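Now for the letters of each chain:
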2 protein chains.
Amino acid sequence: MGTDIIDPWGATGIKDYQQTMEQFGIEPLADVIDQIPQPHRLMRRSIILGHRDFGRIAKAIRNDSDFALLTGLMPSGKFHFGHKLVADQIVYYQQQGAEVYVCVADVEVHNTRQVSIEEARDIAIDQYLTNYIALGLKPENCHFYFQSEGPRDYQVLSKLLADKITLNEMEAIYGDLEPGKIISILTQIADILYPQMKSEGGPRPTITPVGFDQDPHARLTRDVVSRVQSNYGFIKPSFTFHKFMRGLKGGKMSSSDPQSYIALTDSVQEALDKIDQAKTGGRDTAEEQREKGAVIEEDTVFEMLAYHLIEDDQELKEIQERYTAGDMLSGELKQICKDKMRKFLARHQQQRAEVEDRVDEFLN
Amino acid sequence: MGTDIIDPWGATGIKDYQQTMEQFGIEPLADVIDQIPQPHRLMRRSIILGHRDFGRIAKAIRNDSDFALLTGLMPSGKFHFGHKLVADQIVYYQQQGAEVYVCVADVEVHNTRQVSIEEARDIAIDQYLTNYIALGLKPENCHFYFQSEGPRDYQVLSKLLADKITLNEMEAIYGDLEPGKIISILTQIADILYPQMKSEGGPRPTITPVGFDQDPHARLTRDVVSRVQSNYGFIKPSFTFHKFMRGLKGGKMSSSDPQSYIALTDSVQEALDKIDQAKTGGRDTAEEQREKGAVIEEDTVFEMLAYHLIEDDQELKEIQERYTAGDMLSGELKQICKDKMRKFLARHQQQRAEVEDRVDEFLN
């Protein structure tokens, strides 16, 4: 596998975001952030770091004109703060006027993780949809659908697009491929383009917020669009790219390791215990910490605050300054995080309980 | 493309049926024909020449036990006698007790022949289904469905199977592949296995009657079955292989050349004119014909009689003997064919008119 390959199935991972952006022509979001009236905290903090064609979306937001958001979810395991990163963006774009499409990748999870279609459905609803609603997703202008049940136009699209792509081209982007991955890729391209079909009110600008590892799909989809122009008139889809949250122990956040994440359905006590165990950028001794300050880039607790628990930029900035200056120990930082986590989870879980019977509004 | 490759999309064609059977391990149908009580005329005349695992089907017919037939149709152009070859087998197996599945390849025709899904649907109903019914297909135990609308289990199956096949393996069977063909192959495997899913009452023996050019799908499907044994318990599907009817001018029968075929909706006069123009195996002069007899292997008019218009083996045999002995001229053979064609088309088209309003019984 050459250096031109990003593996969207997670075998490699992104080492250097800046280099990835330069290599593949992803633009800095900072260049366009001023074009929208209310940038999301993840944008303001450069957690959403890159974009392709975000200008189109900024314009739609400013002009209050038609655009769609679409995102996929892989129903497997518990819904944790890594997933909330995407959920927050879905809710944000809905508030900014987007028609929302959420595709449940039940077929893909069934193939790759030995989860039955029925089980996948239960997880998608109980773990994902219910949390989305508790986080603010509204049923108006929202399409929540399953890959296995997608409407006819959608099923046809993924097969039709197959004729527009060569295997050589796919392998140049993804490396060696097998039929299972080829099907995954085609299905994802169809997911991204589906809101632009005439039957859905397209063509129109669309935004798909993803992690950097999904850029191969973004590139290929944008290339394919020009080839089906005469049939569909699709507009090249827009993407933003966010950095990943690290796991609480410093490595990868992984659904198969419950100590690496906090689930939004974890009990408060479980969550606080995980914060107590979390890797920080604090120094070995209090003395050294006061002298040198924390290495904030390595601090998973600060990351939790920045990504999720502090909305106010000024408040975050003050904590960062004190912590890196050595005026705050990591125990103190953890206490701040625990206080905020306690409040967040209590409020979120109450909201979850209140909205649980509203899932049906999204399922028809 | 090596000699191990058969192209099921028709770019090459089968030169030598016997050699193909030996090379790919297709058994002679003659070996098993005695195992069924009422072999079809196409079997008795070795037009259906080969099989894989037909014994399983013969047993189900003898024991009156559960089995299914499945077949695909490519809705494009007019329904002609080349298509009737398959239709007759569908009706035959239904009469022998099979539950029938007919899959309309609307997605494939849409991709490969620029036919819209709506147009494909109209052709499938008006040209294929209506003729099937007029030829004797009954709505009981018959599933007539569209690739673009297939049920969830079916959609999932084609994607799930993708994971069980490597690209190397596919290319060893089909030659170089592009994503469009990979999708076609996977969809066809799912079509073949669909009647064996639990939701459809499977597993159970299935028969798919095809031309020799479709053997790559047969081989790959049978190979895949063993790999999904633990998930599905599928039985290896059975196939028969028939020779192709040649076009009336001696070359390939082609939907794009109306002089090469007789459509079942052609007027009697059109059909008779085409028979008048058809290539025969008669000699250049009457004298030479009386002396040497006809070259029956090259005679498309005799082929029409043998494939379609004469049910009685003895009657056919007598014509063959007189014709090859030089006791019959090709004009006389054509007159026999025209008389039978006139009767067939008059009766068939009357039946078509009578059943036209019955298509709805098949569409739900």
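Residues numbered from 1 in each chain as written. Chains lettered and ligands numbered in written order. Predicted model: local features only at pLDDT ≥ 70, side-chain atom pairs only at ≥ 80, totals over all residues. Heavy atoms only, no water.

1. Side note on the overall build of chain A
And step 1. The number of helices and strands found in chain A is 16 helices and 7 strands.
And step 2. In terms of overall size, chain A behaves like a compact globule, its C-alpha atoms giving a radius of gyration of 21 Å where 364 residues would be expected to give roughly 21 Å.
And step 3. Looking at chain A as a whole, 58% of its 364 residues qualify as buried.
And step 4. Restricting the contact set of chain A to residue pairs at least 6 apart, pairs at least 24 apart contribute 77%.
And step 5. Here chain A has roughly 15100 Å² of accessible surface; of this, 45% comes from carbon and sulfur atoms.
And step 6. For chain A, the separation between the mean place of its 42 positive charges and that of its 58 negative charges on side chains is 2 Å. (Helix = DSSP H or I, 4+ residues; strand = E, 2+ residues; numbered from the N terminus. Rg over C-alpha atoms; globule rule 2.2 N^0.38 Å. Buried < 20%, exposed > 50% of the residue type's maximum accessible area, 1.4 Å probe, protein only. Contact = heavy atoms within 4.5 Å. Areas by Shrake-Rupley, 256 points an atom, 1.4 Å probe, with all protein chains shown as cover. Lys, Arg positive; Asp, Glu negative; His and termini not counted. Charge placed at Lys NZ, Arg CZ, Asp CG, Glu CD.)

2. Quick word on the packing of helix H15 (residues 313-325) of chain B against helix H16 (residues 330-355) of chain B
All names here are of chain B.
And step 1. Their axes nearest at 10 Å, the elements H15 and H16 cross at an angle of 160°. It follows that H15 is roughly antiparallel to H16 by the angle criterion. Between H15 and H16 lies a crossing of left-handed hand. Where H15 approaches H16, its residues Glu-315, Ile-319, Arg-322 and Tyr-323 are matched on the opposing element by Ser-330, Glu-332, Leu-333, Ile-336 and Lys-340.
And step 2. When the residues that make up the contact of H15 with H16 are grouped by side-chain class, the tally is 4 nonpolar, 1 polar and 4 charged. (Axes fitted to C-alpha atoms, helices over the stretch in contact; angles between N-to-C directions. Parallel < 35°, antiparallel > 145°, perpendicular 65-115°, else oblique. Left-handed = near helix turned anticlockwise from the far one by under 90°. Nonpolar A, V, L, I, M, F, W, Y, C, P; charged D, E, K, R; others polar.)

3. Some details on the sheet that holds strand E1 (residues 27-28) of chain A
All names here are of chain A.
And step 1. Read across the open sheet, the 7 strands follow the order E1-E2-E7-E6-E3-E4-E5; overall the sheet is mixed. Two strands lie at the open edges of the sheet, namely E1 and strand E5 (142-146), each paired on one side alone.
And step 2. The pairing of strand E6 (residues 206-211) with strand E7 (residues 238-242) spans 5 bridges and is parallel. Each bridged residue has a counterpart across the sheet, and for Thr-208 the counterpart in E7 is Phe-239. (Pairing = 2+ DSSP bridges.)

4. A closer look at the confidence of the model for chain A
And step 1. Per-residue pLDDT for chain A has a mean of 93; in total, 98% of the residues score no lower than 70.
And step 2. Overall fold confidence (pTM) sits at 0.87, and the ipTM for the predicted complex is 0.83. (pLDDT = per-residue confidence, 0-100.)

5. Quick look at helix H8 (residues 167-174) of chain B
And step 1. Leu-167, Glu-169, Met-170, Ile-173 and Tyr-174 of chain B are the residues of H8 of chain B that are buried. One face of H8 of chain B carries all of its buried residues, which in axial projection span an arc of 160°. Facing away from the buried side of H8 of chain B by more than 90 degrees, the exposed set consists of Asn-168 and Ala-172 of chain B.
And step 2. Those residues of H8 of chain B that are buried lie in contact with helix H8 (167-174) and helix H9 (179-193) of chain A together with helix H9 (179-193) and helix H10 (215-227) of chain B.
And step 3. Where H8 of chain B ends, the next residue or the one after it, Gly-175 of chain B, has phi of about 85°, a positive value. (Arc of directions from axis to C-beta.)

6. So, the relation of the copies chain B and chain A
And step 1. Mapping chain B onto chain A is achieved by rotating through 180° and translating by 0.0 Å along the same axis, at an RMSD of 0.0 Å. On the angle and the small slide along the axis, the relation comes out as a two-fold axis. For chain B, the residue whose C-alpha comes nearest the rotation axis is Ile-183 of chain B, separated from it by 3.8 Å.
And step 2. Residue by residue, 100% of the interface of chain B is reproduced at the interface of chain A, so both copies engage with the same surface. (Least-squares fit on C-alpha atoms with pLDDT ≥ 70 in both.)

7. Re the side chain of His-242 of chain B
All names here are of chain B.
And step 1. You can see His-242 is positioned in strand E7 (residues 238-242).
And step 2. One polar contact links the side chain of His-242 to the main-chain amide nitrogen of Gly-211, over a distance of 3.4 Å.
And step 3. Ignoring any residue separated from it by four or fewer positions in sequence, one finds His-242 in contact with Ile-47, Ile-48, Leu-49, Leu-85, Val-86, Gln-89, Val-210, Gly-211 and Phe-212. (Polar contact = N/O pair within 3.5 Å; in protein donor to acceptor, adjacent residues only side chain to side chain.)

8. Some words on the packing of aromatic side chains
The relative placement of two aromatic rings is captured by the distance of their centres and the angle of their planes.
And step 1. All chains considered together, the criterion is met by 24 aromatic pairs over all chains.
And step 2. Here the aromatic rings of Phe-81 of chain A and Phe-344 of chain A are separated by 5.6 Å at their centres, their planes lie at 55°, and the arrangement is tilted. Linking Phe-81 of chain A in helix H4 (residues 81-95) with Phe-344 of chain A in helix H16 (residues 330-355), this pair joins segments that are 263 residues apart in sequence.
And step 3. On the accessibility criterion, Phe-81 of chain A (1% relative accessible area) is buried.
And step 4. Three or more aromatic residues joined by ring pairs make a cluster, and in this case those are Tyr-17, Phe-212, Phe-239 and Phe-241 of chain A.
And step 5. Against the face of Phe-146 of chain B rests Arg-121 of chain B, its NZ or CZ located 4.5 Å from the ring centre. (Phe/Tyr/Trp six-rings, centres within 6.5 Å; stacked < 30°, edge-to-face > 60°. Lys NZ or Arg CZ within 6 Å of the ring centre and 35° of its normal.)

9. A word on the interface of chain B and chain A
And step 1. The interface of chain B with chain A comprises 27 residues on the first partner and 27 residues on the second.
And step 2. Interface area for chain B against chain A, summed over the two sides, is near 2700 Å², with a carbon-plus-sulfur share of 61%.
And step 3. Counting the contacts that link chain B with chain A gives 0 salt bridges.
And step 4. In this assembly, chain B and chain A are joined by 4 residue pairs in polar contact (both at pLDDT 80 or more).
And step 5. Residues of the side of chain B that touches chain A, tallied by class, amount to 13 nonpolar, 7 polar and 7 charged. (Buried area = accessible area lost by both parts, 1.4 Å probe. Salt bridge = Lys/Arg side-chain N within 4 Å of Asp/Glu carboxyl O.)

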